[in-house]
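# A structural walkthrough
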Amino acid sequence: MEILGHHSIWKFLKNSAEYGKVSHAYLFFGPERVGKKTIAFEFIKLLNCQEKNFKNKPCEKCQSCKDLERKSHPDFILIEPQPEKKEIEIAQIKNLTWQLSLKKYYSPFKAAIIDSAHLMNQEAQNCLLKTLEEPKGQAIIILTTAFPELLLPTIVSRTKRIRFSRVAKKEMENFLKNKEISEEKIKKLISVGWGRPGEIMDFLNNPEKLKVREERIEELKNLIGSPLNVRFEYAKKITQDAWQLKEILDIWLEYFRNNLFSLVGSSDEKKSFLKLKKNINLIQDINFLLSKTEINPTLALENLLLEI
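Residues numbered from 1 in each chain as written. Predicted model: local features only at pLDDT ≥ 70, side-chain atom pairs only at ≥ 80, totals over all residues. Heavy atoms only, no water.

### Describing the environment of A111
- Within the fold, A111 resides in strand β3 (residues 110–114).
- Each C-alpha atom, one on A111 and one on N222, is 48 Å from the other, the two residues being 111 residues apart in sequence.
- Beyond its immediate stretch of four places on either side in the chain, A111 contacts I44, D75, F76, I77, L100 and I140. (Helix = DSSP H or I, 4+ residues; strand = E, 2+ residues; numbered from the N terminus. Contact = heavy atoms within 4.5 Å.)

As structure tokens, then:
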């Protein structure tokens with residue numbers, strides 16, 4: 001798995017592994033799709049690699065690295081939200097606790113990644129807290145999240161916190177140039193990826209996704225200034241699927257951000273800036289509320305469409 005950006009973070013983690021100063025729990029937080037899960041996975045590979053070379057990436061030839069790549073490592077657990085319920089339930093955390101309590105098969109560490117940890121419900125968070133308070137043996141847990149404020153403060157306080165940022169534009173450009181991609185396509189990918197390697201790799205591996213994104217932006221442009229009944233009908237249609245709604249809101253967010261930066265130096269910069277900034281804040285608020293509470297998504301989207 002290729003690591004893009006986050007050099008200081010990766011150097012810190014490698015040094016921690018090399019000198020045996022590994023924490024029992026980490027919280028990787030920052031924007032979505034910037035590489036938190038990738039770094040977490042590579043760190044676990046490095047810790048459990050049977051032929052460690054701390055100057056480079058893990059060997060990827062030993063049994064441990066092969067098993068991790070296949071997601072079949074007996075000492076590794078991946079916890080993700082239940083797609084149909086949009087949350088991580090207490091049963092998943094109880095199972096995690098049980099697996100971490102088992103004897104290691106052949107690795108130095110039992111290891112787990114809790115992806116999108118902010119989607120743990122209250123019972124799951126309380127259950128995890130007990131595990132973090134009383135860590136057993138050589139076990140490591142890495143939580144990844146874009147919303148650390150949704151985690152219990154007591155969970156956050158018991159982790160080593162590492163902030164992730166978006167990857168620099170120049171590094172993203174160099175990465176794409178090495179893949180022999182046209183300048184025109186690189187420019188488009190950089191624009192829509194917005195410093196998020198995970199998003200750019202998705203667009204590269206699935207060109208259809210880029211087409212869908214363009215269609216969503218066209219829908220947004222048509223909605224702006226349309227009659228209220230058209231906007232409300234659209235809100236009703238797309239809020240039937242929570243994951244689709246999140247995808248659309250993310251596309252809108254990046255569209256308005258790109259427009260915001262394109263305003264620099266224009267004659268109507270101030271007026272348009274305030275409008276775009278308001279739209280961005282509204283979308284961010286809805287994304288936050290949808291993650292935190294059981295709000296009515298249709299009503300939330302209707303309120304947004306009244307403002308844009």
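That shown, we press on.
### Digging into the packing of helix α11 (residues 228–238) against helix α14 (residues 297–307)
- Two numbers describe how α11 lies on α14: the axes approach to 9 Å, and their chain directions differ by 145°. Judged by the twist between their axes, the crossing of α11 over α14 is right-handed. Along its contact with α11, which presents L228, R231, F232, Y234, A235, K236 and I238, the element α14 presents T298, L301, E302, L305 and L306.
- Residues of the contact of α11 with α14, tallied by class, amount to eight nonpolar, one polar and three charged. (Axes fitted to C-alpha atoms, helices over the stretch in contact; angles between N-to-C directions. Left-handed = near helix turned anticlockwise from the far one by under 90°. Nonpolar A, V, L, I, M, F, W, Y, C, P; charged D, E, K, R; others polar.)

### Here's the deal with the packing of helix α10 (residues 207–223) against α11
- Packing of α10 against α11 leaves a shortest axis separation of 10 Å and a crossing angle of 150°. Facing α10, whose interface residues are R216, E219 and L223, α11 presents V230, R231 and Y234.
- Here the contact of α10 with α11 is composed, by residue class, of three nonpolar, no polar and three charged.

### Concerning the side chain of R216
- Summarising the element assignment, R216 is placed in helix α10.
- The class for R216 is buried, based on a relative accessible area of 14%.
- Residue contacts for R216: discarding those within four places in its chain leaves Y234, Q244, I248, I251 and W252. (Buried < 20%, exposed > 50% of the residue type's maximum accessible area, 1.4 Å probe, protein only.)

### Describing helix α2 (residues 36–48)
- Here α2 contains 13 residues, and its C-alpha end-to-end distance of 19 Å stays within 8% of the 18 Å for a straight helix at 1.5 Å per residue.
- Of all 13 residues that make up α2, 11 are buried, and the element is covered over most of its length.
- Of all the residues in α2, the buried ones are K36, I39, A40, F41, E42, F43, I44, K45, L46, L47 and N48.
- Buried positions along α2 lie against α1 (7–18), β1 (25–29), α3 (63–69), β2 (76–79), β3 and β4 (139–145). (Expected span 1.5 Å × (residues − 1).)

### Here we look at the layout of surface pockets
- If you add up the space inside the second largest pocket, you get close to 350 Å³.
- Among the secondary structure elements, those contributing two or more residues to the lining of the second largest pocket are α12 (242–262) and α13 (269–292).
- Ranked by the residues each element gives to the lining of the second largest pocket, the list is headed by α12, at five residues. (1 Å grid on protein atoms, 1.4 Å probe; cavity = no way out; pocket = protein on both sides within 12 Å on 5 of 7 lines; lining within 4 Å. Points joined across faces, edges and corners; volume = space filled by probe spheres on them.)

### What to know about the pairing of β4
- Burial within β4 is extensive, with seven of its seven residues counted as buried.
- Examined bridge by bridge, β1 and β4 share five bridges and lie parallel to one another. Counterpart to F28 in the pairing with β4 is T144.
- Sheet topology note: the β3/β4 ladder contains five bridges and is parallel. For A111, the partnering residue across the bridge sits in β4 and is I140. (Pairing = 2+ DSSP bridges.)

### Side note on the sheet that holds β2
- Strands sit in the order β2-β3-β4-β1-β5 across an open sheet of five strands; the sheet is parallel. Every interior strand has two partners, whereas the edge strands, β2 and β5 (160–163), have only one. Within this sheet the neighbouring strands show an average axis-to-axis angle of 15°, counted without direction.
- Sheet topology places β2 next to β3; four bridges connect them, and they run parallel. Directly across from L78, in β3, lies its bridge partner I113.
- Across the sheet, α1 touches β1 and β5, and the angle it forms with β5 is around 155°.
- Together, β1, β3 and β4 form the strand contacts of helix α5 (residues 122–133), whose direction differs from that of β4 by roughly 140°.

### Here we look at the pairing of β3
- The buried count for β3 comes to five of five residues, which makes it a mostly enclosed element.
- Of the two faces of β3, the one lined by K110, A112 and I114 and the one lined by A111 and I113 are each fully buried.

### Describing helix α7 (residues 169–177)
- Looking at α7, one finds that the buried residues are M172, E173, F175 and L176. Viewed along the axis of α7, the buried residues span an arc of 160°, placing them on a single side of the element.
- Contacts made by the buried residues of α7 are with α8 (183–193) and α9 (197–205). (Arc of directions from axis to C-beta.)

### What about the environment of E80?
- Position of E80 relative to the elements: it lies in the loop between β2 and α4 (90–101).
- Residue E80 is classed as partly exposed on the basis of its relative accessible area of 34%.
- As a C-alpha pair, E80 and A117 span 37 residues in sequence and 8.0 Å in three-dimensional space.
- With residues near it in sequence (within four places) discarded, E80 still touches K37, I88, Q92 and D115.
- In terms of polar contacts, E80 uses its side chain to reach the side chain of K37, at 2.9 Å. (Polar contact = N/O pair within 3.5 Å; in protein donor to acceptor, adjacent residues only side chain to side chain.)

Read these as layout, nothing more, since geometry by itself doesn't imply function.
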